[in-house]
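This is what each chain is made of:
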Amino acid sequence: MRKVFVMCIFFALCKGYAFSQAKESLFVTLSPVIMLTTDSVSAPSPVSYSLGVGYTFPLYNDFFIQCHSSFFTQYYLLDDDKAKAAEIENRTALAFCALPSVTLQWCAHESEKHYVFVGGGASIFARYGIKANGVTGVEGEVKEINKWFYSSCNFFYPHISFSYNRIFQTIIVGAEGRVYFPVGSFMSGEAFENTLISLSIKLAKKGNSFSQRAEEDE
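Residues numbered from 1 in each chain as written. Predicted model: local features only at pLDDT ≥ 70, side-chain atom pairs only at ≥ 80, totals over all residues. Heavy atoms only, no water.

(A) Examining the overall build of the protein more closely. Looking only at helices and strands, the protein has four helices and ten strands in total. For the protein, the α and β elements follow one another from N to C terminus as α-β-β-β-β-β-β-β-α-β-β-α-β-α. Out of the 218 residues belonging to the protein, those deemed buried represent 39%. Within the protein, contacts between residues separated by at least 24 positions form 64% of all contacts whose residues are at least 6 apart in sequence. With the model as given, the accessible surface of the protein reaches about 11900 Å², and the carbon-plus-sulfur share is 65%. (Helix = DSSP H or I, 4+ residues; strand = E, 2+ residues; numbered from the N terminus. Buried < 20%, exposed > 50% of the residue type's maximum accessible area, 1.4 Å probe, protein only. Contact = heavy atoms within 4.5 Å. Areas by Shrake-Rupley, 256 points an atom, 1.4 Å probe, with all protein chains shown as cover.)

In structure tokens form, the structure reads like this:
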């Protein structure tokens, strides 16, 4: 009885894997990243432009695990012991930013030529600031900015995502939106201050199903 149960689970997993593997695998993204700010000292909701890369792993049936990271730069200043997004005229530090994330994706709709992903997960907003070009005497402020980046969960950003993807012969072209929620801002009572929104164009490599692999092996 135990062997039958194990075999049923094995075949169910194989079936789920074969179904899901027909989707995307390696992909790249190009997107503006908007940081929502309402503080009068901060730059008004600055926009950065990012390049990203990721990979989608089949999990089971309509579920996938997606690993992704985008990369961009942003100006910051120090005010009231907090790092705040800055306009170029008031910049203190230039921060190199990475936004690695792990997302559980669900295929909410699928047809022969397109599919829709919705999902959610966790992200780390990794930042490291250096003295901005043309600014002098701010080494101490830059140090405090870098310290603030990793204090009080200012680096932790849970997120939700939605994407529409069009399947072509060998590639997949998609449009994706993500919203990253700032845990540090919620903890300090600032609610959605520093929320990140990205709107991406996605280019993905089409995956292969088990049946397609078998045909290729033959």
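(B) Looking closely at helix α2 (residues 139-149). Residues of α2 that are buried include every one of Val142, Ile145, Asn146, Trp148 and Phe149, and no others. Buried residues along α2 cover an arc of 160 degrees about the axis, so they all sit on one side. Projecting away from the buried face of α2 at angles above 90 degrees are the exposed residues Lys143 and Lys147. In the core, the buried residues of α2 are packed alongside β3 (63-79), β4 (82-85), β5 (93-110) and β7 (126-131). (Arc of directions from axis to C-beta.)

(C) Expanded view of empty space enclosed by the protein. What the rule picks out here adds up to two cavities of 30 Å³ or more. In this structure, the largest cavity occupies an estimated 70 Å³ of space. A breakdown of the residues in the lining of the largest cavity according to their chemical character gives three nonpolar, two polar and five charged. Quantified by volume, the second largest cavity comes out at close to 50 Å³. Along the walls of the second largest cavity sit Ser31, Val33, His68, Ser70, Leu99, Glu176, Arg178, Tyr180, Ser198 and Ser200, which together make up its complete lining. (1 Å grid on protein atoms, 1.4 Å probe; cavity = no way out; pocket = protein on both sides within 12 Å on 5 of 7 lines; lining within 4 Å. Points joined across faces, edges and corners; volume = space filled by probe spheres on them. Nonpolar A, V, L, I, M, F, W, Y, C, P; charged D, E, K, R; others polar.)

(D) Quick peek at the environment of Phe71. Structurally, Phe71 is set in strand β3. Residue classification places Phe71 among the partly exposed positions, given a relative accessible area of 45%. Sequence spacing of Phe71 and Leu51 is 20 residues, and the spatial spacing of their C-alpha atoms is 5.5 Å. Ignoring any residue separated from it by four or fewer positions in sequence, one finds Phe71 in contact with Tyr49, Ser50, Leu51, Val53, Cys97 and Ala98.

(E) Just a nonpolar patch on the surface, in detail. Where nonpolar side chains cluster on the molecular surface, the patch consists of Leu26, Val28, Val53, Tyr55, Phe57, Phe71 and Leu203 and spans about 600 Å² of accessible area. Sorting the residues of the nonpolar patch by element identifies β1 (24-35) and β2 (47-60) as the ones contributing at least two each. Broken down by element, the nonpolar patch gets its largest block of residues, three residues, from β2. Tracing the backbone through its elements, the reader meets Leu203 in strand β10 (residues 196-206). (Patch = residues over 30% accessible without salt bridge, like charges linked within 9 Å, V, L, I, M, F, W, Y side chains within 5 Å. Salt bridge = Lys/Arg side-chain N within 4 Å of Asp/Glu carboxyl O.)

(F) Region of the structure containing the side chain of Asn154. On the secondary structure map, Asn154 appears in the loop between α2 and β8 (156-167). Not counting residues within four places of it along the chain, the set of residues in contact with Asn154 comprises Arg127, Trp148, Phe149 and Gly184.

(G) Main features of the packing of aromatic side chains. Going through the model one piece at a time under the given rule, you end up with ten aromatic pairs. Aromatic side chains Phe125 and Tyr157 sit 5.5 Å apart centroid to centroid with 85 degrees between the ring planes, which places their arrangement in the edge-to-face category. Placement of Phe125 in the loop between β6 (114-124) and β7 and of Tyr157 in strand β8 is noted, with a sequence separation of 32 residues between them. Residue classification places Phe125 among the buried residues on the basis of a relative accessible area of 0%. By way of ring pairs, the aromatic residues Phe64, Tyr115 and Phe117 are connected into one cluster. Of note, Arg91 hangs over the ring of Tyr75, and the distance from its end group to the ring centre comes to 5.7 Å. Directly above the aromatic system of Phe125 lies the positively charged group of Arg127, at a separation of 3.9 Å from the ring centroid. (Phe/Tyr/Trp six-rings, centres within 6.5 Å; stacked < 30°, edge-to-face > 60°. Lys NZ or Arg CZ within 6 Å of the ring centre and 35° of its normal.)

Any functional reading would require information beyond the geometric quantities listed.
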